[in-house]
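Okay, here's what each chain looks like letter by letter:
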Amino acid sequence: MSLRVAPLRAPVRPAGTRPTATATLVTVAACLVALVVGAVAVRSPLLGGILAALALTVAFPWPVLVASLGWVLLVRPGAELVNVELGGLVLTDVDAAVLLTVVAALVVAVWPDGRPRTLTGTVDVAPTVLTSADWLWVLAWPVWLVARAVLPEVGTAAVGSAALVDLRLLEAFLLLVPLAVVVRRRGALVVVRGLVALAALASVIAAAGAVALRSGMVGPGELPVVNLSGAAARDVRPGAEIVVVMAAVVLLLSRRVAGRARPALVALLGLELFVSQTLSMILAVAAGVGATLLAGWNKASLGVRLGAAVLLLVALALVSGVLDPGGRYDLAQRSEQVSGQYRLSEIQTMTAAITETPLTTLVGPGVGTELAFAGEFVNSVKRDSHDVYLTIALKTGLVGVVLFVVPLLRAALRAFRRGGEVGRALAGACVAVLVVSLTVPWWWTVNGMGAVLALYVATAAYGNRPRTTS
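Everything numeric here is computed off the predicted structure, so don't read it as measured data. (Residues numbered from 1 in each chain as written. Predicted model: local features only at pLDDT ≥ 70, side-chain atom pairs only at ≥ 80, totals over all residues. Heavy atoms only, no water.)

A. Main features of the overall build of the chain. The number of helices and strands found in the chain is 18 helices and eight strands. For the chain, with 470 residues in total, the buried portion stands at 49%. Within the chain, residue pairs in contact and separated by at least 24 positions form 77% of the contacts whose partners lie at least 6 positions apart. Accessible surface computed for the chain: about 22000 Å², of which carbon and sulfur atoms make up 69%. (Helix = DSSP H or I, 4+ residues; strand = E, 2+ residues; numbered from the N terminus. Buried < 20%, exposed > 50% of the residue type's maximum accessible area, 1.4 Å probe, protein only. Contact = heavy atoms within 4.5 Å. Areas by Shrake-Rupley, 256 points an atom, 1.4 Å probe, with all protein chains shown as cover.)

Listed below in structure tokens is the structure:
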């Protein structure tokens, strides 16, 4: 009886698994060598930092993608940590984070994927992808913005033009690349939970800032992730507040997103709404929850109905001045204060410029248009307003407003009909964003636009899922 010995063979890594730790270390080493050589060759610390960041991105794409995307959404516009002038153009850490996020997404896209898992350890097995129609709708407005920038200005109201400032908003649409990659690789639920986690982080920052400000540990000031007001109200405004609005609606309407952590997260976000003292956020959350429940009352659980009813009653009591007469949530009182009159003055001036002629109404005076505001509450040259829709109409007319709003509405309706409980919650978040944009200009920033695009991607993906009644 003879024994047959099988020939030795090198182990073959199964297709679809990740590279080994050795391969990762080799990649990092190669990138670091390139970093040293490049920095020495040109004697540029800036280039050295760029190469180091790219090295980390190639070696660890997922952590860089998540951290960079979170930083883009969390930093307050105008309070960036780093400002560098290159060729007359001011670049910030947010610009660098956008670039790193895109590079990380491209690395992930070509990186062999292992077993299906999400960043939270759960699996979203239902298909969540973006269709060609989703892409066409979301890219329609930026294409029109570029086209309108090429066309001549119309009307006589403009006193200046800064087209490049407005066109810089297009940078936010680069975030569609990493967002689409995350949805494709990990599922739309991960994007939703990521937004909730970011809102929780912003709430923690707000709470810590409020304690520090009121205790005298720190004084009023503007920091990259929070603004500590020196006004009598001592309000604290963290970055990513538009994400707080989205997450609050989602958590109130869906139990699946956060599971057992839901009550704690709702309380945490409620604390942020309290310390920020922003009436617009309260109204937006109430509108998003209320509209969703009215449209799908029979689909919501009894617990969701009761919780939403309590929220709406509290919001109504605050807005009407029953709970806090004359306070910052009293709508009648706020409308008579400087902030309310300031917004009214903006509306009057911008409406006059937009409706000057039928052509200005249709296509807007032009991208980069600046207007002279002359009044008791606003006396300066401005290129935008607190009302996002007026700003869009000023730059791109009613055509732009339609192309700006319809993609989010379309995604919300499809998610409401086909996305189950989470889909309906995302639809409510879309309503909240549309409402808050009437009085707060978060959407008209790279940070705010990036957050809305994240909501759009998750909502559109849920709208493409197989129809469900859950």
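From this point, things continue past the structure.
B. A look at the nonpolar core. With 123 residues, the main nonpolar core has Trp141, Met246, Trp443 and Met449 as its most contacted residues. In contact with Met246, not counting residues within four places along its chain, are Leu195, Ala429, Val433, Ala451, Val452 and Leu455. (Core = buried A, V, L, I, M, F, W, Y, C linked by side-chain atoms within 4.5 Å.)

C. Just the packing of helix α5 (residues 132-150) against helix α16 (residues 388-418), in detail. Close contact between α5 and α16 brings their axes to 9 Å; oriented N to C, the two are set at 175 degrees. Here α5 is positioned roughly antiparallel relative to α16, judged by the angle of their axes. Here Ala133, Asp134, Trp137, Val138, Ala140, Trp141, Trp144, Leu145 and Arg148 of α5 come into contact with α16, specifically with Ile392, Lys395, Thr396, Val399, Gly400, Leu403, Phe404, Val406, Pro407 and Arg410. When grouped by side-chain class, the residues that make up the contact of α5 with α16 number 13 nonpolar, two polar and four charged. (Axes fitted to C-alpha atoms, helices over the stretch in contact; angles between N-to-C directions. Parallel < 35°, antiparallel > 145°, perpendicular 65-115°, else oblique. Nonpolar A, V, L, I, M, F, W, Y, C, P; charged D, E, K, R; others polar.)

D. Expanded view of the confidence of the model for the chain. Confidence along the chain averages 81 in pLDDT terms, with 76% of residues attaining 70 or more. The weakest mean pLDDT in the chain belongs to helix α1 (residues 21-42) at 57; the strongest belongs to α5 at 95. When the criterion is pLDDT under 50, residues 5-19 qualifies, and its contacts beyond four places in sequence or with other chains add up to 15 contacts. Contacts from residues 115-123, a stretch scored under 50 in pLDDT, to residues over four places away or in other chains number 15 contacts. (pLDDT = per-residue confidence, 0-100.)

E. Fine view of the environment of Thr360. Along the chain, the position of Thr360 falls in helix α15 (residues 358-363). Residue class for Thr360 comes out buried when judged on its relative accessible area of 0%. The spacing of Thr360 and Gly155 is 205 residues in sequence and 6.3 Å in space, taken between C-alpha atoms. Among all residues touching Thr360, those that are not within four sequence positions of it are Val154, Gly155, Ala353, Ile354, Thr355, Pro365 and Gly397. Reaching out from Thr360, the side chain makes a polar contact with the backbone nitrogen of Glu356 at a distance of 3.4 Å. There is a polar contact of 2.7 Å between the side chain of Thr360 and the backbone oxygen of Thr357. (Polar contact = N/O pair within 3.5 Å; in protein donor to acceptor, adjacent residues only side chain to side chain.)

F. The pattern of salt bridges, seen in detail. Applying the stated rule across the entire model yields eight salt bridges. Here Arg76 and Glu222 are joined by a salt bridge, their closest N and O atoms 3.0 Å apart. Here the residue Arg76 occupies a position in the loop between α3 (61-74) and β1 (83-86), and Glu222 occupies one in strand β4 (residues 221-223), the gap between them amounting to 146 residues. With its nearest N and O atoms 2.6 Å apart, the salt bridge here joins Arg168 to Asp95. Residue Arg168 is found in the loop between α6 (163-167) and α7 (176-186), and its partner Asp95 is found in helix α4 (residues 93-110); the two are separated by 73 residues along the sequence. Salt bridges here are not isolated pairs; linked through shared partners, they connect Asp166, Arg383, Asp384 and Lys395. (Salt bridge = Lys/Arg side-chain N within 4 Å of Asp/Glu carboxyl O.)

G. The arrangement of the pairing of strand β7 (residues 369-374) in detail. Of the two faces of β7, the one holding Thr369, Leu371 and Phe373 is buried and the one holding Glu370, Ala372 and Ala374 is not buried anywhere. In this sheet, β7 lies alongside strand β3 (residues 160-161) in antiparallel orientation, the contact comprising two bridges. Counted as the bridge partner of Gly160 is Glu370 from β7. (Pairing = 2+ DSSP bridges.)

H. Focus on the sheet that holds strand β6 (residues 236-238). Pairing within the open sheet is antiparallel, and its three strands lie in the order β4-β5-β6. The open sheet has two edge strands, β4 and β6, and neither has a second partner. Along the sheet, successive strands turn relative to each other by an average axial angle of 10 degrees, direction set aside. When strand β5 (residues 226-228) meets β6, the two strands line up antiparallel, connected through three bridges. What sits directly across from Val226, in β6, is Pro238. Where helix α8 (residues 188-215) meets the sheet, it contacts β5 and β6, and its direction lies at approximately 150 degrees from that of β6.

I. Focus on the packing of α16 against helix α18 (residues 446-463). At a minimum axis separation of 8 Å, α16 and α18 run at an interaxial angle of 40 degrees. For α16 against α18, the interelement crossing comes out left-handed. Here α16 contributes Phe404, Pro407, Leu408, Arg410, Ala411, Ala412, Arg414, Ala415 and Arg418 to the contact with α18, which in turn contributes Met449, Val452, Tyr456, Thr459, Ala460, Tyr462 and Gly463. Looking at side-chain class alone, the contact of α16 with α18 contains 11 nonpolar, two polar and three charged residues. (Left-handed = near helix turned anticlockwise from the far one by under 90°.)

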